Amino acid sequence: MTNVEQALDSWGAYDRDNPFPLFAEVRELGAVHAVTLVDGHEAWLVVRHAEARAALNDPRLSKDMRAALTAGGDVVAEGLPGPAFARHMLVVDPPDHTRLRRLVAAAFSVRRIESLRAHVQSIVDDLLDGVAARGPDGQVDLVAAFAFPLPFTVICELLGVPKSERVNLGRQLTALLAPTSTPGEYALAKQASDAVVEMLSLLVAAKQDAPDADLVSALINARDGDARLSQEELLSTIFQLIVAGHDTTASLIGNSVVALFTHPDQLASLREAPDKMSAAVEEFLRYDAPVPHSTFRYALEPVDIGGVTIPNGAQVIINLASANLDANHYAAPEVLDIDREDARHLAFGHGIHFCLGAPLARMEAQLALNALMHRFPRMRLAVPEEELHWHHGDGLVLRGLTQLPVIPGPASPRS
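The notes below deal with the structure included here.

Details of the pairing of strand S8 (residues 315-318)
Then, number 1: Burial along S8 is two-sided: Gln-315 and Ile-317 and Val-316 and Ile-318, pointing in opposite directions, are all buried.
Then, number 2: In this sheet, S8 lies alongside strand S2 (residues 42-46) in parallel orientation, the contact comprising four bridges. If you follow Trp-44 over to S8, its bridge partner there is Val-316.

What follows is the structure, encoded as structure tokens:
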């Protein structure tokens, strides 16, 4: 049995630190493949760009996880936290999706996000002051000291999570999203899940009693004609926003830093022209997607993708990371090039489920990377590249570093 055959028989059990050669082999063999996931469920994997882009916006591929779980088939594992937090935009179809997205978008507008820029910059600067305080020659884990707390602090402030509860919430979310391969690990994740459910339920109750100028209060009061969020939809949406709003951006920042450190020519080019940062972030998203696989979908009828007929009721997984490296769509896709003329990518998805938080993630990454380059012009990896490790977080969906050890070097003052 070849490495590719073994991977398709247990998709997700591949080398997390460098899955890209495998993705390339699978992509070369075809656009769509039958796979068995590590949890034992069968699925169909889409790996090429054109087919992935089409599949992401195909209405015959449903995201209604509740319908899939109650249909009687064994399509997908239910996962945590469970049904009470499973009625948000990522797990419903139109017309529910249309209504939910419109309600949430009203409270999560681009104008609202852009108004946060100065405050996000201050959070970035404060965190980097903490890195500088450790001295120029000491080893610092940039994930724990910067990449994780930045987006987590921002989303907590957006939602109105009290400062006194953030450390515990962050700890419980980390435990909830950790991989579970044994009953003991699942028990710890379930305990953390229950704690998160309780904390967010209490947060909603507090904001219902005393609304403030935060996102939870805005979601409680969101209206679209007579439509509003039910309690289940409200809790589910807050959970989705807090998970998607921190872990993915932390991974984006960490993956981008590694990409720059391992491509010194690109780092030098960006230092010489920091105005390229916006384009550079798009290339980082393409080159090493923080969300390598799409979230759950299943076929409502037989669907032909790339000459393969996916049967009715089958789970479909779209490999965004592979699609973003497809030589049929990009010139020299394996090369990191911040001057790439067309760095448009699928890292945020495509179509009606395109990531609502993309403007916030982009802004945070741009501010974070610009500040890092300015404050620590001699920062370097503290370990060889081959000693860096990527976790698999929530199943196949997330790709982020467990740690990012760096030597900061001398710090420049704030700009």
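What about the packing of helix H14 (residues 247-261) against helix H18 (residues 358-375)?
Then, number 1: The N-to-C vectors of H14 and H18 enclose an angle of 40°; their axes lie 10 Å apart at closest approach. The handedness of the crossing between H14 and H18 comes out as right-handed. Contacts between H14 and H18 involve Thr-249, Leu-252, Ile-253, Ser-256 and Val-257 from the former and Ala-361, Glu-364, Ala-365, Ala-368, Leu-369 and Leu-372 from the latter.
Then, number 2: Classifying every residue of the contact of H14 with H18 by side-chain character gives eight nonpolar, two polar and one charged.

Considering the pattern of salt bridges
Then, number 1: This structure, assessed with the given rule, holds 17 salt bridges.
Then, number 2: We note a salt bridge from Arg-66 to Glu-232, for which the minimum N-O separation is 2.3 Å. With Arg-66 in helix H4 (residues 65-70) and Glu-232 in helix H13 (residues 231-244), this residue pair connects regions lying 166 residues apart in the sequence.
Then, number 3: Among the residues examined, Arg-66 registers a relative accessible area of 33% and is labelled partly exposed.
Then, number 4: Relative accessible area serves as the criterion here: at 27%, Glu-232 is assigned to the partly exposed category.
Then, number 5: Linking Asp-129 and Arg-414 is a salt bridge whose minimum nitrogen-to-oxygen distance equals 2.5 Å. On the criterion of sequence distance, the pair formed by Asp-129 in helix H7 (residues 117-132) and Arg-414 in the segment after strand S12 (405-407) is long-range, its members being 285 residues apart.

Points about the nonpolar core
Then, number 1: In this structure, Trp-11, Phe-146, Leu-150, Phe-284 and Leu-404 are the most contacted members of the largest nonpolar core, which totals 108 residues.
Then, number 2: The leading source of residues in this core is H18, at 11 residues.

How each quantity is defined
Residues numbered from 1 in each chain as written. Predicted model: local features only at pLDDT ≥ 70, side-chain atom pairs only at ≥ 80, totals over all residues. Heavy atoms only, no water. Buried < 20%, exposed > 50% of the residue type's maximum accessible area, 1.4 Å probe, protein only. Helix = DSSP H or I, 4+ residues; strand = E, 2+ residues; numbered from the N terminus. Pairing = 2+ DSSP bridges. Axes fitted to C-alpha atoms, helices over the stretch in contact; angles between N-to-C directions. Left-handed = near helix turned anticlockwise from the far one by under 90°. Contact = heavy atoms within 4.5 Å. Nonpolar A, V, L, I, M, F, W, Y, C, P; charged D, E, K, R; others polar. Salt bridge = Lys/Arg side-chain N within 4 Å of Asp/Glu carboxyl O. Core = buried A, V, L, I, M, F, W, Y, C linked by side-chain atoms within 4.5 Å.

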